Amino acid sequence: RGRERMTAAATLRGFLPACTSRRDRRPARDARVASWTDDRRVSAGGTPGPSEARRCQGTGSWGSGARRVSIAPIRCVSTPAKTSGSQSSQKTRPDPSLVEVRESTVSNELRAAAAARALSFYTYPADRSEFSVRAHRNMRIDAEWDAIRAKIAGTDVAFRHSRVSCVVATLDLDENGVAPGGWADAGVDDSLDPSCYANVAPDGSNARRVVLGTLDVNQGVSLPAEELAGQFPRAEDPTPADVDVREDGRGTNGPKPGECDRDGTDVDAAAAADGEGVACGIESAYEGSDAVAAAEGPNARPMRYRRAYLSNVCVLPVARRTGLGRRLMNRAMRVAKGWGVERLYVHVVADNVGARKFYEDLGFVVEAEESATFAAGLSRPRRLLLTQPVRDVPESEC
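Everything in this summary refers to the structure shown in the same document. (Residues numbered from 1 in each chain as written. Predicted model: local features only at pLDDT ≥ 70, side-chain atom pairs only at ≥ 80, totals over all residues. Heavy atoms only, no water.)

## Focus: helix H2 (residues 107-121)
- With 15 residues, H2 should cover 21 Å at 1.5 Å per step; its first-to-last C-alpha distance of 21 Å lies within 8% of that length.
- All of the buried residues along H2 are Glu109, Leu110, Ala112, Ala113, Ala114, Ala115, Ala116, Arg117, Ala118 and Ser120. (Helix = DSSP H or I, 4+ residues; strand = E, 2+ residues; numbered from the N terminus. Expected span 1.5 Å × (residues − 1). Buried < 20%, exposed > 50% of the residue type's maximum accessible area, 1.4 Å probe, protein only.)

## Side note on the packing of aromatic side chains
- Tallied over the full model, the rule gives 3 aromatic pairs.
- Ring centres 5.3 Å apart and planes at 25° place the aromatic pair tyrosine 309 and tyrosine 345 in the stacked group. Of this pair, tyrosine 309 sits in strand E11 (residues 307-315) while tyrosine 345 sits in strand E12 (residues 343-349), and the two are 36 residues apart along the sequence. Across the pair, tyrosine 345 and tyrosine 309 agree in class, each one buried.
- Ring pairs connect the aromatic residues Phe358, Tyr359 and Phe364, which therefore count as one cluster.
- Here arginine 149 stacks its cationic end above the ring of tryptophan 145, 3.9 Å away from the centre of that ring.
- Between arginine 208 and the ring centre of tyrosine 197, over which it is positioned, the NZ or CZ distance is 4.4 Å. (Phe/Tyr/Trp six-rings, centres within 6.5 Å; stacked < 30°, edge-to-face > 60°. Lys NZ or Arg CZ within 6 Å of the ring centre and 35° of its normal.)

## What to know about the environment of valine 366
- Tracing the chain through its elements places valine 366 in strand E13 (residues 365-369).
- Overall, the relative accessible area of 31% leaves valine 366 in the partly exposed class.
- Expressed as a C-alpha distance, the spacing of valine 366 and valine 348, which sit 18 residues apart in the sequence, is 9.9 Å.
- Dropping the residues within four chain positions of it, valine 366 is found in contact with Arg356, Glu360, Leu384, Leu385 and Leu386. (Contact = heavy atoms within 4.5 Å.)

## Structural notes on the side chain of serine 104
- Position of serine 104 relative to the elements: it lies in strand E7 (residues 99-104).
- Judged by its relative accessible area of 4%, serine 104 is buried.
- Here valine 106 takes part through its backbone nitrogen, which lies 3.4 Å from a polar atom of the side chain of serine 104.
- Contact partners of serine 104, with chain neighbours within four places excluded, come to Glu109, Leu110, Ile152, Cys166 and Val168. (Polar contact = N/O pair within 3.5 Å; in protein donor to acceptor, adjacent residues only side chain to side chain.)

## Comments concerning the packing of helix H7 (residues 324-339) against helix H8 (residues 353-361)
- The geometry of H7 relative to H8 is characterised by a closest axis approach of 11 Å and an angle of 50° between their N-to-C directions. Accordingly, the angle class assigned to the pair H7 and H8 is oblique. H7 and H8 meet at a crossing whose hand is right-handed. Taking contact as the criterion, the partners of Gly325, Arg326 and Met329 in H7 are, on H8, Phe358, Tyr359 and Asp361.
- The residue inventory of the contact of H7 with H8, partitioned by class, reads 3 nonpolar, 1 polar and 2 charged. (Axes fitted to C-alpha atoms, helices over the stretch in contact; angles between N-to-C directions. Parallel < 35°, antiparallel > 145°, perpendicular 65-115°, else oblique. Left-handed = near helix turned anticlockwise from the far one by under 90°. Nonpolar A, V, L, I, M, F, W, Y, C, P; charged D, E, K, R; others polar.)

## Looking at the pairing of E12
- The buried count for E12 comes to 5 of 7 residues, which makes it a mostly enclosed element.
- Here E11 pairs with E12 via 4 bridges, running parallel. In the strand pairing of E12, arginine 307 is matched with arginine 343.
- Handedness of the crossover joining E11 and E12 through H7: right-handed.
- Here E12 runs beside strand E14 (residues 383-389); their pairing, made up of 7 bridges, is antiparallel. The residue bridging valine 346 from the neighbouring strand is leucine 386, located in E14. (Pairing = 2+ DSSP bridges. Right-handed = clockwise from strand over helix to strand, strands pointing away.)

## Brief notes about unusual backbone geometry
- Looking along the chain, the bond that leaves phenylalanine 232 and enters proline 233 is cis, with omega of -5°.
- Note that proline 233 resides in the loop between strand E10 (208-219) and helix H5 (269-273).
- The phi angle at serine 379 is positive, at roughly 55°, despite the residue not being glycine.
- Judged by its relative accessible area of 69%, serine 379 falls in the exposed class.

## Describing the nonpolar core
- If you look at the biggest cluster of nonpolar residues, it comprises 57 residues, and the most contacted ones within it are Trp183, Val210, Leu212, Val217, Leu310 and Phe364.
- With 8 residues, H7 is the single largest residue contributor to this core.
- Leaving out residues up to four positions away in the same chain, valine 210 has contacts with Ala169, Thr170, Leu171, Leu173, Val188, Leu192, Cys196 and Tyr197.
- If you look at the next biggest cluster of nonpolar residues, it comprises 7 residues, including Val164, Leu223, Tyr309 and Tyr345. (Core = buried A, V, L, I, M, F, W, Y, C linked by side-chain atoms within 4.5 Å.)

## Some points on empty space enclosed by the protein
- Going through the model one piece at a time under the given rule, you end up with 2 cavities of 30 Å³ or more.
- The volume enclosed by the largest cavity comes to roughly 40 Å³.
- Taken together, Met329, Asn330, Met333, Leu362, Phe364, Gln388, Arg391 and Val393 make up the full set of residues lining the largest cavity.
- For the lining of the largest cavity, the leading source of residues is H7, giving 3 residues.
- Looking at side-chain class alone, the lining of the largest cavity contains 5 nonpolar, 2 polar and 1 charged residues. (1 Å grid on protein atoms, 1.4 Å probe; cavity = no way out; pocket = protein on both sides within 12 Å on 5 of 7 lines; lining within 4 Å. Points joined across faces, edges and corners; volume = space filled by probe spheres on them.)

Shape descriptors only; they carry no functional weight alone.
Written as structure tokens, this is what we have:
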């Protein structure tokens, strides 16, 4: 009887190689195949073709009479074979060289930049209605647009001692309004928020461009609404010989009537002629500095010309991983260099690991950081302040 059982088991193993072994579920080596559907044998012989693979499952039995032998469930299911990568459709990678990164003061480009910021900085719950999302997004776009224009024009009271420039990354669409160079495949199409597009044709035609990324360069002692302020250069630090100071006083952060500038003794000429001018001390020329006395002299340079801060750095999701972020930063570095800035600063949320690594790869280092208690008191995430000396960047890298 034991020999008969061994013979029956060997017979079963010979008929079931293409499915799975009951003992260890490993593929059998025999070329013969037995397949069953609804626990019944429907075909035998041959091997699965290249376009399908068989997997077996289910329960059943083999044999008849008193010597009926229970076997593992058998149910063969055909599954499509995987297609090779060469057969799958390949999308064209976007061409970053078609994107221009530059400063902008054009109103409709600034509005498109405001839209890029609203889309990048604000997210909404899945259960929020489309109407609610659209209403809030339009409100944020209008607010960002007003803020950009006011800061550039120097009419924002909070930025009265700052000079601001908006840097944008723009892509011109073709005559049919389609993004060229693979950008349409990347998502720059009708699904993108229309607020990101700007009509740039002076004749009123349909020529359009899209703003894919943006940032602000803010020259000043500190960045308004940010508690972390840079400490370098210090008032007693000499201005490097390669710094161009010819832009001092030309921007919106130049001396206002009655304020001091370079050496701490300048007053408004018109006010002085009327007998209203008063001598002003060195402190007003070096706002926020604790070592103003060491900077006295004809070569003293106001601190508001020596530092600059980056803000509102963003790239639309459809344009990320294309090098636009680095090009925006390089353009900002060139703007700061042209203004005679000596140190460039940027704030980043402490737990934003990706953003911190991005800035550190560009040469920024952490100068200061907020404590968790301080940030909790302001009901916002903890921030870091990163900095690096302003350096010369070739135009080809922007």
